[in-house]
Amino acid sequence: QVQLVESGGGVVQAGGSLRLSCAASGRTFSSYAMGWFRQAPGKEREFVAAISRSGGNTYYADSVNGRFTISRDNAKNTVYLQMNSLTPEDTAVYYCTARSTPLIFTTPNAYDYWGQGTQVTVSS
């Protein structure tokens with residue numbers, strides 16, 4: 001069982017940056033692939049980024065590639081999402097996810113654990 005708690009959301013102007021954090025409970029964090037998804041009002045939840053359990057592999061949605069960076073610190077049981085060059089289209093609730101697997105996935109149904117989400121609002 002893993003519990004995930006996101007933090008770091010807020011309101012930022014277009015072009016600005018935010019760093020989201022997701023703290024995981026438990027002693028087996030390094031066995032979980034981690035992901036970030038987001039959901040804007042009236043839209044489906046969409047994949048943002050994922051990272052393998054060692055941190056050696058990452059994958060990004062085309063819409064954020066080159067602007068967002070996912071990373072993890074297994075010693076701190078934490079995964080991060082550094083978001084740069086934010087635009088109003090990035091406004092959404094951002095969710096942290098986990099699955100005990102050596103692979104990484106881009107579909108919501110592949111993940112077993114979800115955080116409560118953190119709101120990111122980008123003003124124009």
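Everything here concerns the structure above.
This structure is a prediction, so every number in the text was calculated from the model and none was measured.

Conventions we followed
- Residues numbered from 1 in each chain as written.
- Predicted model: local features only at pLDDT ≥ 70, side-chain atom pairs only at ≥ 80, totals over all residues.
- Heavy atoms only, no water.
- Salt bridge = Lys/Arg side-chain N within 4 Å of Asp/Glu carboxyl O.
- Helix = DSSP H or I, 4+ residues; strand = E, 2+ residues; numbered from the N terminus.
- Buried < 20%, exposed > 50% of the residue type's maximum accessible area, 1.4 Å probe, protein only.
- Pairing = 2+ DSSP bridges.
- Axes fitted to C-alpha atoms, helices over the stretch in contact; angles between N-to-C directions.

A few words on the pattern of salt bridges. What the rule picks out here adds up to three salt bridges. The partner of R38 in a salt bridge is E46, with the nearest N and O atoms 2.6 Å apart. The residue R67 makes a salt bridge to D90 at a minimum N-O spacing of 2.8 Å. Here R67 is found in the loop between β6 (58–60) and β7 (68–73), whereas its partner D90 is found in the loop between β8 (78–83) and β9 (92–100), with 23 residues between them in sequence. With a relative accessible area of 17%, R67 lands in the buried category. Counted as one network, the salt bridges with shared partners bring together R38, E46, R67 and D90.

Another aspect to go through is the sheet that holds β7. Strands in a sheet are paired, the pairing made by backbone hydrogen bonds, and the direction either parallel or antiparallel. Read from one edge to the other, the open sheet built from four strands follows the order β1-β3-β8-β7, with strand pairing classed as antiparallel. Looking at which strands have only one partner, the edges of the open sheet turn out to be β1 (4–7) and β7. Averaged over all pairs of adjacent strands, the angle between strand axes in this sheet comes to 15°, irrespective of strand direction. Here strand β3 (residues 18–24) runs beside β8; their pairing, made up of six bridges, is antiparallel. In the strand pairing of β8, L20 is matched with L81.

By themselves, these are just geometric observations and shouldn't be taken as functional.
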